[in-house]
Amino acid sequence: MSAAVPPSPAPDVVGSPGLWLVSIAVLVALLLADFAVTHRPHEVSMREAVGWSAFYLSLPVVFAAWLWSAAGSDRALEFMTGFVVEKSLSVDNLFVFMLLLAVFAVPSDVQQRVLLFGIVGALVLRGVFIAAGAAMLAAGTWAFLVFGLILFASAVKILHEALTGSVVVHEVSGMRSVRLLRRLMPVTDDYRGTRLTVREHGRRALTPLAVVVVAVFATDMVFAVDSVPAVYGITDDPYLVFATNAFALLGLRALYFVLHTALAKLVHLNHGLAVILAFIGTKLVLHWAHGIWPGVPEIPTPVSLAVIIGVLGTVVLTSLRSRRRAERHHRAKPSAHQPSAKATTPQD
């Protein structure tokens, strides 16, 4: 009689069908509340932005505490690490949104509606990528290698843009989606509040707000390609991948108005994101290799969290230092129209 082979353990996943339903219902309710807040155009005060930001930043902390008690410290740590990664990438997303709003001269009272459309688009796209990623992982561990290579390519692209100073937003008018939109329908010359379309001269026309939203959706697609493989490098639980993305994106509308001035000062943000994506890509490749050659070491989640926080802290410090150095240099440099001290000395 042959010895019985023990069955392979079932994957330890957090998301039960009931938890998925409750989470999606809460997410939809929060988005509807955001749409209700932005229904009437108004300029966002700092007090309002800080209040909403504090609320949305408290939600993942509460969720992590519940996750710790319900699923253990390992899953809670994976969630918080993934949340930090996604929040970092979403701040970079905010920077692109800021440039888009400037390029399209979006009125300040409807900017939050554009941001909200961008958040909804990002959630939908990332949901699609999360499902595709889960299907790939179910098909085999080779998906970790694919995700790792995607992150390496993204890191090289982001680092190249950071070093060369190239910004994709300057080419918004050349986006295929924007060009196609303008060919299909006429576009009004001015904004009409939060309306995306209006009836003008007997036919339906788009407002510039609709063009901005399409441009934002196009950038959402690019960020989804980076962010979903990045968080799969932290956890292989599709529910936790979904939760980190949802919590990171929900508070972006309010966080934008809090960080609007600070974003421009983070001149080394993309350098740090490139390092983080390359690090997580390495983690994914090592995880894939460990499944084939058990002797290959893996990077534990606590080490990943420490490295990510260390990189982000370094980025903030070097950015502020670089900004202060540039300001000192600017103050020390005499202006072109100001005569030098030697020139003002009277001649004998």
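Structure shown above.
A brief structural summary. (Residues numbered from 1 in each chain as written. Predicted model: local features only at pLDDT ≥ 70, side-chain atom pairs only at ≥ 80, totals over all residues. Heavy atoms only, no water.)

Attention now moves to the pairing of strand β1 (residues 197-200). One ladder, built from four bridges, connects β1 with strand β2 (residues 203-206); its direction is antiparallel. The residue bridging Arg-199 from the neighbouring strand is Arg-204, located in β2. (Pairing = 2+ DSSP bridges. Helix = DSSP H or I, 4+ residues; strand = E, 2+ residues; numbered from the N terminus.)

Here we take up helix α11 (residues 301-332). Along its 32 residues, α11 runs 47 Å from first to last C-alpha, staying within 8% of the 46 Å computed at 1.5 Å per residue. Here α11 has its buried residues at Thr-301, Ser-304, Leu-305, Ile-308, Val-311, Val-315, Ser-319 and Ser-322. In the core, the buried residues of α11 are packed alongside α3 (73-103) and α10 (269-292). (Expected span 1.5 Å × (residues − 1). Buried < 20%, exposed > 50% of the residue type's maximum accessible area, 1.4 Å probe, protein only. Contact = heavy atoms within 4.5 Å.)

So, about the pattern of salt bridges. Within the structure shown, the criterion is met by three salt bridges. In this structure, the salt-bridge partner of Arg-75 is Asp-236, at a minimum N-O distance of 3.8 Å. In this pair, Arg-75 sits in helix α3 while Asp-236 sits in the loop between α7 (208-232) and α8 (238-250), placing the two residues 161 residues apart along the sequence. We classify Arg-75 as buried; its relative accessible area is 8%. Through salt bridges that share partners, Arg-75, Glu-78 and Asp-236 make up one connected network. (Salt bridge = Lys/Arg side-chain N within 4 Å of Asp/Glu carboxyl O.)

What follows concerns the environment of Glu-43. With respect to the secondary-structure elements, Glu-43 resides in the loop between α1 (17-37) and α2 (46-71). Considered as a pair, Glu-43 and Gln-111 are 68 residues apart in the sequence and their alpha carbons are 8.3 Å apart. Residues contacting Glu-43, with those up to four places away along its chain left out, are Ser-108 and Asp-109.

This next bit is on the nonpolar core. Counting 83 residues, the largest nonpolar core has Phe-79, Phe-104, Val-106, Tyr-239 and Ile-280 as the members making the most contacts within it. Ranked by residue count, the leading element in this core is α3, at 13 residues. (Core = buried A, V, L, I, M, F, W, Y, C linked by side-chain atoms within 4.5 Å.)

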